Structures are given as structure tokens and as C-alpha cells.
Amino acid sequence: MNTPRLTVSHLEHSFVRTQVLADISFSLEAGEVCALVGPSGCGKSTLLHLCNGLLNLQDGDLASDFTNPATLFQQPRLLPWKTALDNIALSLKARGMPHAQRHAQAVELAVRLGLTREDLDKFPRQLSGGMQSRVALARALLPQPDLLLLDEPFSALDIGLKTELYALLQALQAERGIAVLMITHDLMEAVLLSDRILLMAAEPGRIVGRFALHQARAHRDDAWVYQTTAQLLQQPVVRESFGLPTPRAHAETRPGTRLSALTEDNTDAPKRSPSRC
Ligand SMILES: Nc1ncnc2c1ncn2[C@@H]1O[C@H](COP(=O)(O)OP(=O)(O)OP(=O)(O)O)[C@@H](O)[C@H]1O
């Protein structure tokens, strides 16, 4: 059987007359984590919404073999009148799974994600932001998605909690071979979590850089992440995209000292484009 894949080809999107996305092409396979980074307003959420079907395609192609996608949004979006447990189990209820069975599965996953039995009986307003994020993560993962689209779901959380939730997500992702497309403003987060980074620039939103990270995700320590992020930040295309000033010539920009931990990766770049991506 072929590996499931999401393939985006020459996607364009406009709101009214403003072009927001131009010639976006990339692909994502089962088990891969791909980070979409770029400055605010460059169209990352729009691209994610096209991938999860919340926006209709206008131009270009999008093909997916994934059968069970799930999205985690910036806000937890929990139903306020349902308990945490009922929020988590909702997707299984919609599939007709009996009450006891769906609650047993929901509890097992929720506990793994750091929720207690008492938390599960509470309503969303009685939970902290971090707990609500755990509930939203459990709700997304319970139906065993094969593709997970993340729109900065943990951006409002403190660094400790964010790191913990990403570690839990990573463990489940690796176990189940889920494909993940994640949006982030944070290069360090992208370097820590992804196999590949797609760099976007704005006006119109387009992919201007593609990077592959070579260290196995399980073996990335803080030092490696800092060093690799620093290398990435020295790339002119990255600086330009985020509007950072051009660095004065120093060691990191000399040929041979750049990109030892990651390389430019144009394997899934559109063939017809003459540019770097
Ligand atoms: N429904 C909409 N109608 C009109 N314009 C929109 C709509 N949604 C987004 N836009 C515009 O499209 C552009 C891209 O927005 P989008 O939210 O996709 O960017 P983003 O990279 O995800 O931003 P951020 O990182 O700040 O969340 C912005 O200029 C935004 O104002």
C-alpha cells in the first residue's frame, strides 16, 4: 500500500481582490512533521484552512490520501456546556460508539495527557488555559487522526507547559505515524519539532525557503536546537522574510559554516518555478 500523502500544487488564494497565497506547492507524508513558518499575516492560517477544507479551493490542486484529518486551533474551542470528558469523547459519540466504551477511551488518553479524573468532570470555564489545551489535544487525538493540522494551539501557554504538551504530542505522533502540518512563528519550535521547514514570505504569501532537518527528532537537545536555530537565522532568505536587518559579515555567514544541521530541501518544490523554491 502506498504511503498516504497530502499534495498541494500551485495553490493560489485571494480574499476579495487581495491575493493572499501565490503558487504554493509542497507535500507531506504519513509520519512526517512539517513546520510552516513565516511572519504574521503571510497566509499560514489561510493555507491550513485550505488544507482542512474550511476554505474552498480557488486555484491550484490539493490532493490527500489521509482519511481522518484533525485540526487544533489557537483557541481550544471547547463546548462550554459539556464537561471536559464529554468534550473529549464527542467525536466518538458522533461515530455511534457506546457511552461506556467512548468514555473509557477518552479517560485513558486524557490521563496520558496529564488530566486527572477530577479535571474531566469539570466544565471548560473551571479549567486553566493549560488544562483546556490538554482537553483540546485529547479531543483531537482520540479519533486516531492520520493527519494533524496545528494552528499554533499552544502559543498562549508558558514555555514549560508548551514543551510538555509538544513532548506528549510528539510521543503519540511517533507511535501512530501521524502526519503533522504545524504553523508557528517560532523558529526554535519549528527546529525542535519538525522534519522539514517551509518558510513563507508575505504579500502575497509564498514559499521562499525549504529546509530539511537531519537530526532524529528524539535526539534533539537544547544545545542542538539553539545552534540550528541560529544557523537558520543567519540565512538571508529567513532574515528577509521576517524583516530582520541584514547581519554584518561574521563567522556564521562564511561559506562552510552554514547549515551543517539542516540543508535546503527542494525535493517537493514546483518544477516549473525558476526561483529557489
Ligand atoms: N476571511 C478573511 N477575509 C479577508 N481577509 C482575510 C481573511 N482571513 C485572512 N485574511 C487576510 O489574509 C492575510 C493572511 O492571513 P492569515 O491569517 O492566513 O495569516 P497568518 O500568517 O496565519 O497570520 P498570523 O501569523 O498573524 O496568524 C492577512 O492579510 C489577513 O488579513
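Residues numbered from 1 in each chain as written. Predicted model: local features only at pLDDT ≥ 70, side-chain atom pairs only at ≥ 80, totals over all residues. Heavy atoms only, no water.

Section: the UniProt feature "domain: ABC transporter" (unreviewed entry) in the protein chain
Those places that UniProt annotates as "domain: ABC transporter" (unreviewed entry) correspond, in this numbering, to residues 6–227. Within residues 6–227, the helical portion is 36% and the strand portion 28%, while the C-alpha atoms at the span's ends are 31 Å from each other. (UniProt positions renumbered as here; feature names shortened; annotations may be inferred. Helix = DSSP H or I, 4+ residues; strand = E, 2+ residues; numbered from the N terminus.)

Some words on the environment of serine 45
Within the secondary structure, serine 45 is located in helix H1 (residues 44–51). Along the primary structure serine 45 and methionine 182 are separated by 137 residues, whereas in three dimensions their C-alpha atoms are 9.9 Å apart. In this structure serine 45 touches Asp151 and Ile183, once residues within four positions along its chain are discounted. (Contact = heavy atoms within 4.5 Å.)

Digging into the nonpolar core
In terms of nonpolar packing, the biggest core is built from 57 residues, with Ile88, Leu141, Leu148 and Ile197 touching the most fellow members. If you count residues domain by domain, this core takes at least three from each of domain 1 (5–10 + 12–55 + 163–277) and domain 2 (69–143). Grouped together as the second largest cluster of nonpolar side chains are 24 residues, Phe26, Leu36, Cys42 and Leu181 included. (Core = buried A, V, L, I, M, F, W, Y, C linked by side-chain atoms within 4.5 Å. Buried < 20%, exposed > 50% of the residue type's maximum accessible area, 1.4 Å probe, protein only. Domains from an automatic or database assignment.)

Some remarks on the pairing of strand S2 (residues 18–29)
Across eight bridges, the pairing between strand S1 (residues 5–15) and S2 is antiparallel. Within the sheet, the bridge partner assigned to arginine 5 lies in S2 and is glutamate 29. The turn joining S1 and S2, which pair antiparallel and follow one another in sequence, is formed by two residues; a positive phi near 55° is taken by valine 16. (Pairing = 2+ DSSP bridges.)

Brief notes about the packing of aromatic side chains
What the rule picks out here adds up to one aromatic pair. An angle of 75° between the planes, with centres 4.9 Å apart, marks the rings of phenylalanine 154 and tyrosine 166 as edge-to-face. Taken as a pair, phenylalanine 154 in the loop between strand S6 (147–151) and helix H6 (159–176) and tyrosine 166 in helix H6 lie far apart in primary sequence, twelve residues in all. Neither phenylalanine 154 nor tyrosine 166 differs from the other in exposure class; each is buried. Sitting above the plane of the phenylalanine 73 ring, arginine 77 keeps its charged end 3.8 Å from the centroid. (Phe/Tyr/Trp six-rings, centres within 6.5 Å; stacked < 30°, edge-to-face > 60°. Lys NZ or Arg CZ within 6 Å of the ring centre and 35° of its normal.)

Here's the deal with the site of the ligand
Surrounding the ligand, one finds Phe15, Val20, Pro39, Ser40, Gly41, Cys42, Gly43, Lys44, Ser45, Thr46 and His185. In this structure, an oxygen atom belonging to the ligand sits 2.5 Å away from a side-chain N or O atom of serine 40. Taking cysteine 42, its main chain carries an N or O atom lying 3.1 Å from an oxygen atom of the ligand. The protein chains hide 55% of the 630 Å² of surface that the ligand would expose on its own. Considering every element that reaches the shell around the ligand, the biggest residue donor is H1, with three residues. Partitioned by chemical class, the residues of the shell around the ligand number four nonpolar, six polar and one charged. (Near = heavy atom within 4 Å. Polar contact = N/O pair within 3.5 Å; in protein donor to acceptor, adjacent residues only side chain to side chain. Areas by Shrake-Rupley, 256 points an atom, 1.4 Å probe, with all protein chains shown as cover. Nonpolar A, V, L, I, M, F, W, Y, C, P; charged D, E, K, R; others polar.)

Overview of unusual backbone geometry
Across the junction of glutamate 203 and proline 204, the peptide omega takes the value -5°, indicating a cis bond. For proline 204, the location among the structural elements is in the loop between strand S8 (196–201) and strand S9 (206–213). Of note, glutamine 144 is a non-glycine position whose phi angle comes to about 55°, a positive value. You can see glutamine 144 is positioned in the loop between helix H5 (129–141) and S6. Not every positive phi belongs to a glycine, and glutamate 152 is a case in point at roughly 50°.

Considerations on the sheet that holds S1
In a beta sheet, neighbouring strands are held together by backbone hydrogen bonds and run either parallel or antiparallel to one another. Judged by pairing direction, the sheet is antiparallel, and its three strands sit side by side in the order S2-S1-S4 without closing on themselves. Strands with a single pairing partner mark the edges of an open sheet, and in this sheet they are S2 and strand S4 (59–64). Between one strand axis and the next, the sheet turns through 15° on average, direction left out of account. (Axes fitted to C-alpha atoms, helices over the stretch in contact; angles between N-to-C directions.)

Concerning the sheet that holds S6
As summarised here, the arrangement of the seven strands in space is S5-S6-S7-S3-S8-S9-S10, forming an open sheet in which the pairing is mixed. This sheet does not close on itself; its edge strands, each paired only once, are strand S5 (69–72) and strand S10 (262–264). Put simply, the sheet's adjacent strands are angled 20° from each other on average, direction ignored. Here S5 pairs with S6 via four bridges, running parallel. In the strand pairing of S6, proline 69 is matched with leucine 147. Of the strands in this sheet, S5 and S6 touch H5, which is tilted by about 170° from S5.

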